[in-house]
Structures are given as C-alpha cells and as structure tokens.
Amino acid sequence: MMTKRNWLIVTAAALLVSVAAHGFMLSEWLHGRYLIGANDGMSQMVPFKHFLYESMRDGNYFYSERFGFGGGIFSQLGYYFSTSVVFLLTAAVTVCLEWAGAVDPSLQYWADATVFVSIIRLTVIQLLAVVFFRQLGLRTRYAYAGAVLYSVSVLYFRHVTYWEFFADAMLFLPLLLIGAERIMRSGKPAVFVVAVMLSMADNFYFAYVNFLLTFIYIVFRWFIPIAGRDVSKLRQMIQFIVGGIAGAALSAPFFVPAVYGYLNNYRPPFEGEIPLFRMHDNFLTDGRVVVLPAIAVVALLLFPLYKNRLFRLFALLTTMLAVLHESPAAGSLFNGLSAPQYRWEHMLMLVAGGTAACTLQYWKTLRVKDIAVAAAGAIGLYAIFTIVDRGGGGSLYSDSLIVLLFVICALALLAAVRQFKHWDGALYLAVLAAALVTVILYQETKLALDNTDVGQVQGQGVPKSFLTSDGYNAAAPREMIQRLSADDPDELARFDWMIGLRNNTPIVQDFLGMSMYSSLLNKNLLHFYWDDLSIDMGRESVSRYAGLGGRANLYSLLNGVYAVRGEHGNPVPYGFREVAEQDDYRAYESSNRLPFVRTAGRVYTEAELADSPALAREHAMLDGIILENASGDTERAPEVTDLIRQADVKPVNAEYVGDTLVVTGENGGLDLHVKDRSLLKEDMYVSMYLKRTEADQGFAMTVNDYRTTRKRIDSIYRTRVYDLSIRIPSDETIRIRMPQGTYTLRDLALYAEDYETLKRAGQRSAAVPPPDVEWKGGRASIRLDNVDADPYAVMPIPYEKGWRAKVNGERIAIEKANYAFTGIRIGPGVNTIELTYYPPYFGISLLLAVITAGLLLVFRLLTRKKGTPRN
C-alpha cells in the first residue's frame, strides 16, 4: 500500500507533468488561440457542451426543440456529452462558478475550459494507471513512469483536440483492469461493478471498446498468471458475469437511452474492402495515432526479461496490439464491425507503459551485452520503418523521434555500465522527458495544422477571434434573426440559415433552425431527407441534414418561416419576400405560412405513395396526412404530370447514350428545353438518378442557379442515395452541369409546381381558429378547435419513441405522420393535447438501477455482518 506521503508526491508529480504536457496548448491559450479541431472540434465539441449546459440549466435534460427540428438530446447526444461523467462534473462546477458570478458560460467559456479540463483529466488518468501498475507489483516510481507513458501520449492529445470525449475512455480502462485484477487475485468484485457502471453510463461506444480490451487482458492473464495464487477461474467467471450484470443494471438509466439513440440512428453500412493488414500509421518514427515510446521498443528486444512473468505479459500484449494497430480488420472489430477506425489504441499505450516500467524496475538484472543488442535492434527497426514509410524521416517531428531513440539508447548503455551512480536516474528522467517532448512536438507539428478557413496558420491553434468571425458566428445574420424572432408572434418560427458547411449554426447562434450535424440523429428525419422526400441539402453527407432544398411546400409544412441568404446563397423558396437586410445578408419571410398544428381529414398511406414522386408526396401532406399504417378509407395518391416528354434533352460538352453521360469538356451535362411555355408554372422539380462511375473525386453539380455537391463514390461519408430532386424557379431551359467525367444518369423527370395545393391548405387553415401552442423541451401543450371534425392533428414535432400524448386527459397513441413527424387522433370540437417526453425505457431503467442498488446494499450489509473482509 502507498503511504499518504507517497500519494501526495505522486499526485503533485502527476499534476506537474500534466501541466507540462499541455505546455503548447496553454501557450496557445495565452496567445488567444485554441488547440481545438477546426472542423468537428468547433462544429460539435464546443457547441454541444455549450448547448447541453444551457439546456440542462433551463431544466431541459432530455429533449430540446432547438436540436435540429427537435430531438431527444439525452439519447442522441449520449455518444458525446449528455451522459459523460467528465462533462457532468464540469457542468456542476460551472453552475457553482456561474452562481458565484465568477464565469459567464458562453461558447468561448467552453472553448477556454477545454485545456483546463484536459489537465485535470490527464492527472486523474495518471493516478488510476499508477494504482493499476502498483496492484501488479511494480514499485511506485516505476509504476508512475508506466502511467506517464500511458497517459502522456499522442493518442490522448489527438482525442482532446478533435473529439474530446474520446479521451474519457482512458480513464475507465485502468479502472476496469483494477477491478478485474481484484476479482482474479482476491475475489472482490466491488471495484469491477463500479467500473462497469461508470463505463456504460459514460459512453456506450467506448464501453464496448474497453470491455473488449479488458476481455483480451483477462485471457492473457489466465495464460500468464502473475499473482502468487489467483482464485479459481470458475469463481472469477461467475464474479465477472454477475459483477458485469450488476454494473450494467446500475448504468441502465444512462446506458439504455443512449443505446436507443444509436439504434434509432441510420448510417449506410460500410461496403469497402477491409484488409487483414495494411500499414497506415508509422508508430515508431511518424505516428499519427500512436507513437510507441523508444524505451518500450528497446525493452521488447531485451529477451532475458521474458523470464519475468509480468514483463512477459506486458511485452506480448504490446507486440500483439502493435501488430493489430496496422490491421484494418481489427479497427473494424473495435468499431462494431463497421468502417475501420483506430480508437482502441489506448490499451496499446497502457501495456507499452507497463513494458517500460517493468524494464526500469528490473534494469539491474540486465547485462551490457543484452542492452547493446536491444539498442541495435531498436535502431534497425526505426530505420526500417523510416524507409518503408514514404512520408517519414523528413520532418521535425519524425527526426526528433529518431533523436530521442538515440538518447534513450545511449543513456541505457551508460546506465548498464554502472560506473556512475546516477545514470539509472538519468535514464528514468529521460523516459519521462521523451514522453513530454513527443506530445509537445506532436501538438505543434501534427495538430496545429494550416487551416486558412478559420484563420489558422501552421504551428498555431484556432484564433479566439474565429468564434465571432463571419465564418463561424457572423454577427449580421445573427442580429437579423434575433430581431425577426423577437418581433414574430410565433415563438416556434424556424429559420433556414447556416454558415458554410457548419450545420450546427443554429446551436451556435441560438435560434430555431433547420439543420443539424451529429453522429446520432433520428433515423426518421434522415430517411425523410434521403428517401421519402429526396431533399437535397446542398451537400451530400451522412450524420447531418440542412435546409429544405428551397421547396416552399416543405417550409410551410415544417414551420419554416424565414430563409436567410448570404451573397452567394441558393435561390430562395417560392413566396418568400425580403423583410430584412444587413451587410451582405438578406432575410426572407414566407407568405404561405401554415399553423404549427393542423387538422387532417384526408388520410394517405406510405404504401399508396410508394411509387409517387416527391412533389406528389408534398401535395398529400398539404392535403391531409400520410400515415405508415392506416385503418379505414384512405385516399389515392395525388397525380402530378411528368413533363420530360415535353422537353428536348440535349448534351452540352458531353455524350449521352442510354444511361451513360460522358462529360468531355471541363464542365458539361444536359440541357432540358421545355417546348411549350404554357407548361411552365412557378417552379420546376428536376428528378434523376445520378452517380459518378469513377472513384477519383467528389463533384459539384448545378441545376441553373442551384448548386449542390456529391461525395466520392468510395467515401465512407456518402449517403449512397443517388436519386435527386432539385427545385428551381421555372425556366424554359434547365441546365444540368457537372465536371468532366463519366456518370450514370437515368430516370430523368420534370414536374411543374403551381402551388395551388399549398394555397388551398392556407385557405383552409385561415378559415378555422388558430391553435394555441406552447412547446418547450420535452413538454408541449396545444389547444385546438377541430371545427371540421377531422380525425387527426399533425404537427412538425419529429416522431420519436419517448413521446406520450393525452387528448382531453385521455392517453392516446402517437402515430408516425408525414414520414417523420407526429400525428395524433383527435375528436370534434375543442381538443386539449398534452405531449410529454422522457427518454425511451427511462422509467424501467431507473427502477432496475434502484432495485439493483438496493440488492447490492443488502448483500453488502449481510456480508459485513458475517465478518466478510471489506472490499
């Protein structure tokens, strides 16, 4: 056991090393810059923390109407921060600081806090790793060295910079292994139960990763016993299973809703090749994801140490995991058998740290010859990796890693000679210093990249000024939106506005928007965009949606009242008139507003509309309601006329034969010329199947003044949706253009929209009393006078498990309406509708956790009463 004095020393050392490791980040912060990823870091990490804190502070723990069109934030942000232990603790501290008037938790506050939270997290990771290594029999100073090599790693800082919550996984892995060791050594499962509970509650994805890693460790431990006498494997298995179930039950109120958020998401399955082995990361001399410490590489070649069981355990695990790091198949396994990702390598760093720590502890048992051979072998390996890696050996970062190897080898030989008393200490300090030098160089040369879009230059972070720049949080449109929102009597009026490719602009600028970027989204909304209505977002990508393709019918249906455009925005929807202007930005308001809640008497089914074009489906939603399943009489699909036969199709700088379009010029495509001008109405809908046949590049496509982009056909971020529907203002000639290349283009269709159906819907709504609607977070109250005795009310609240409805005090089932939204059966006359949201299965999960906690408490009291030793 470590004494209190030793704990204080280790804690102080851990904090000091953590601050030193963040030296570059702190320096950037002091110079008004952030080492935060310009893309996901600024688009997701910082905004999500700010958004969740604001929502939870306002009492909206589970749902927010500001999450895109509305969404269960406890479930859908469970992958990020809503259940994160680190974030929740940070939020609790922030509440106290805000109450004391010490901070203003703005967007900048959360960007500022990143480095300081990271320092504390890294300190705690070191302490947990020390406990783990001490439990295995390593002395404190060597356990601490192993902890530093584990925590002060390029992997940790890569996580913190790009996807901050990834770094939390490094907290829970050593905790799980401590719990596993306590079961194996003494049959005490309490720590394991707590570790499982915290892991599953914190993040379901990394719980899966860490459980796989813990299983691998346990298997190796069984084959390489290191304790004097472990308990029987049968007892271990029983305690692992029972402890795992108990921990899972305790985590259920957090874990179950988060997993539901994952299951209720949709992402196209990965179809690319997953080879068993492919070198993707030079982890010796130019590591992008991990860098094996030089001392660990030397240690792996110290063959006499393999006689020691603890060293053998760590060395074999290090070797195996280093090989698996270069295996896309392993990356796929740890990513749930999906696209290969490299997010599990913290285990590699932990066992590499253990290998180095064992080596330092047993250093005096080695001969000079052994160390010389190992040093020569390590130098040879570094030479091979530098030669094989075509990009290696030519940068400050890679050259420095080679120099650090030579320093470690030289000090190792000097320490082995043992002519000078303090060379062992010099080697020890050099190992710690090498870790610090590596991560600081990595931050400056690999993470602080040149990104002119955010005003970032090579070797520097993102400037603080970017948070208020036109490229991130433009003042002019934000101020226009604030004015229009304050003046509009409809508190639920939505704005179509986002800055560039930043779909989370509504979160950053705090307004009801129509876009969202998150790894987990309501799959009904994604299918609504991709499949059901073929809404083009201006940019093909998974994990996001944006705008409504300028389609006025959809704006009216989804309470999209305003559209804001910059100087080069796509065309505004039909019927929108300019109402505000500031600098280069203009705001437009719809003249075809529909009430938030409408009654519907005509019922259509998804099956009836299965073969209908998107425009016909829009008409059905305006005319009534579309249900997934409906009983009783239903309507036939509305008819719309395909005008493609009334148009001449002419290739321009291209050849079009059959379904193949070959663009021969720099830019080319097709012209569709409508022969009869009388067929032209207000807008045209152009539909087609379009796919570039070469996997050489993504491309931009324009249809007259409308522009959209498509991913490479081998991109893991493509939607695999090739059926497009583009709305443009009517024109005799529709010009479809794309860059040089070969495309499959078929199923061309052309529809004219006169908006008579939208106008009739507006007239019907104007003839009845407007509904009274209040919607805030997970509660909505509606008072609706159903004067026409229609059977349904339909509203643009996304359909999501967890909503419950009462109509005039009676529980009513919620139905999926209009493909992705909410429909409720109502009666004639005045209807009072109450909607309440709680995360799916939250009640039963909470009950399960309480019962489990009670049973564990009873068990604890009984065992203590019988004199069972305390865990």
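Calculation criteria
- Residues numbered from 1 in each chain as written.
- Predicted model: local features only at pLDDT ≥ 70, side-chain atom pairs only at ≥ 80, totals over all residues.
- Heavy atoms only, no water.
- Patch = residues over 30% accessible without salt bridge, like charges linked within 9 Å, V, L, I, M, F, W, Y side chains within 5 Å.
- Areas by Shrake-Rupley, 256 points an atom, 1.4 Å probe, with all protein chains shown as cover.
- Salt bridge = Lys/Arg side-chain N within 4 Å of Asp/Glu carboxyl O.
- Helix = DSSP H or I, 4+ residues; strand = E, 2+ residues; numbered from the N terminus.
- Pairing = 2+ DSSP bridges.
- Axes fitted to C-alpha atoms, helices over the stretch in contact; angles between N-to-C directions.
- Contact = heavy atoms within 4.5 Å.
- Disulfide = S-S within 2.5 Å.
- Buried < 20%, exposed > 50% of the residue type's maximum accessible area, 1.4 Å probe, protein only.
- Lys, Arg positive; Asp, Glu negative; His and termini not counted.
- Charge placed at Lys NZ, Arg CZ, Asp CG, Glu CD.
- Parallel < 35°, antiparallel > 145°, perpendicular 65-115°, else oblique.
- Left-handed = near helix turned anticlockwise from the far one by under 90°.
- Nonpolar A, V, L, I, M, F, W, Y, C, P; charged D, E, K, R; others polar.

Undergrad: How should a nonpolar patch on the surface be read in this particular structure?
TA: A surface patch of nonpolar side chains, amounting to about 670 Å² of accessible area, comprises Leu276, Phe277, Met279, Val323, Leu381, Ile384 and Val388. At 3 residues, helix 17 (residues 368-388) tops the list of elements feeding residues into the nonpolar patch. Of note, Val388 is situated in helix 17.

Undergrad: I would appreciate a short explanation of the sheet that holds strand 23 (residues 803-807) in the present structure.
TA: The pairing of strands in a sheet comes from backbone hydrogen bonds and takes either a parallel or an antiparallel form. With antiparallel pairing, the 5 strands of this open sheet are ordered in space as 20-21-27-23-24. Two strands in the sheet have a free side with no partner beyond their single neighbour: strand 20 (772-776) and strand 24 (810-812). Within this sheet the neighbouring strands show an average axis-to-axis angle of 25°, counted without direction. Pairing analysis gives 5 bridges linking strand 23 to strand 27 (residues 829-837), with the strands arranged antiparallel. For Val807, the partnering residue across the bridge sits in strand 27 and is Ile833.

Undergrad: I would appreciate a short explanation of the sheet that holds strand 8 (residues 585-590) in the present structure.
TA: Pairing within the open sheet is mixed, and its 4 strands lie in the order 3-6-8-7. Two strands in the sheet have a free side with no partner beyond their single neighbour: strand 3 (494-496) and strand 7 (576-582). Each strand of the sheet is rotated relative to its neighbour by a mean of 25°, with strand direction disregarded. Of the strand pairs in this sheet, strand 3 and strand 6 (residues 560-565) are connected by 3 bridges, and their pairing is parallel. Bridge assignment links Arg494 to a residue of strand 6, and that residue is Gly560. Contacting strand 3, strand 6, strand 7 and strand 8, helix 21 (residues 475-487) crosses the sheet at an angle of about 120° to strand 7.

Undergrad: What should I look at first to understand the state of the cysteines in this one?
TA: Defined simply, a disulfide is a covalent bond joining two cysteines at their sulfur atoms. Under the criterion given, the structure shown has 0 disulfides. The thiol of Cys358 is not disulfide-bonded; the next cysteine sulfur, from Cys409, is found 19 Å away. Here Cys409 falls in the buried class, since its relative accessible area comes to 5%.

Undergrad: Just to check I follow, could you spell out the pattern of salt bridges for this structure?
TA: Should the charged atoms of two oppositely charged side chains come close, the side chains can pair. Summed over the entire model, instances satisfying the criterion amount to 38 salt bridges. We note a salt bridge from Arg602 to Glu635, for which the minimum N-O separation is 3.2 Å. Residue Arg602 is located in the loop between strand 9 (598-600) and strand 10 (603-605), and its partner Glu635 is located in the loop between strand 11 (625-627) and strand 12 (647-652); the two are separated by 33 residues in the primary sequence. The partly exposed category is assigned to Arg602, whose relative accessible area is 36%. Between Glu628 and Lys816 there is a salt bridge, and its shortest N-O distance comes to 3.6 Å. With Glu628 in the loop between strand 11 and strand 12 and Lys816 in strand 25 (residues 814-817), this residue pair connects regions lying 188 residues apart in the sequence. Connected via shared salt-bridge partners are Lys49, Arg121, Glu164 and Asp168.

Undergrad: I keep staring at the environment of Ile226 and nothing clicks. Help me out?
TA: Topologically, Ile226 is positioned in the loop between helix 11 (204-223) and helix 12 (233-263). Between the C-alpha atoms of Ile226 and Arg185, which are 41 residues apart in sequence, the distance is 9.6 Å. Each residue touching Ile226, except ones within four places of it in the same chain, is listed here: Leu136, Glu181, Arg185, Arg221, Arg309, Leu310 and Leu313.

Undergrad: Would you take a moment to explain a negative patch on the surface for this structure?
TA: A cluster of acidic residues, Asp470, Glu479, Glu567, Asp583 and Asp584, forms a negative patch on the protein surface. Tracing the sequence through the fold places Asp584 in the loop between strand 7 and strand 8. Exposure remark for Asp584: the relative accessible area of 47% places this residue in the partly exposed category.

Undergrad: Please clarify how the side chain of Thr505 should be interpreted in this entry.
TA: Mapped onto the elements, Thr505 comes out in helix 22 (residues 505-509). If we skip the residues at most four places from it in the chain, Thr505 touches Trp497, Met498, Ile499, Asp510 and Phe511.

Undergrad: Please clarify how the environment of Ile507 should be interpreted in this entry.
TA: Along the polypeptide, Ile507 turns up in helix 22. For the pair Ile507 and Phe48, spaced 459 residues apart in sequence, the C-alpha to C-alpha distance is 7.9 Å. Leave out the neighbours within four places in its chain, and Ile507 touches Pro47, Phe48, Phe51, Arg66 and Met516.

Undergrad: I tried to follow the environment of Tyr53 on my own but got confused; where do I start?
TA: Note on placement: Tyr53 falls in helix 3 (residues 40-57). On the accessibility criterion, Tyr53 (3% relative accessible area) is buried. Counting along the chain gives 57 residues from Tyr53 to Trp110, while the straight-line C-alpha distance between them is 9.7 Å. Ignoring any residue separated from it by four or fewer positions in sequence, one finds Tyr53 in contact with Phe87, Ala91, Thr94, Val95, Glu98, Pro105 and Trp110.

Undergrad: Even after reading the chapter, I still don't get unusual backbone geometry, so can you show me in this structure?
TA: Notably, Ser543 is not glycine yet its phi reads approximately 60°, a positive angle. Following the sequence through the fold, Ser543 ends up in the loop between helix 23 (523-532) and strand 5 (544-546). Its relative accessible area of 7% is what places Ser543 among the buried residues. Phi is positive for Asn653, which is not a glycine, with a value near 55°.

Undergrad: How do you make sense of the packing of helix 1 (residues 4-21) against helix 7 (residues 140-151) when you look at a structure like this?
TA: For any two helices packed against each other, the geometry comes down to the angle between their axes and how far apart the axes lie. Viewed as axis vectors pointing N to C, helix 1 and helix 7 meet at an angle of 25°, and their least axial separation amounts to 12 Å. The pairing of helix 1 with helix 7 is recorded here as roughly parallel in orientation. For the pair helix 1 and helix 7, the crossing hand works out as right-handed. In this structure, helix 1 uses Val10, Ala13, Ala14 and Val17 to contact helix 7, whose residues at the interface are Thr140, Tyr144 and Val148. In terms of residue class, the contact of helix 1 with helix 7 is built from 6 nonpolar, 1 polar and no charged.

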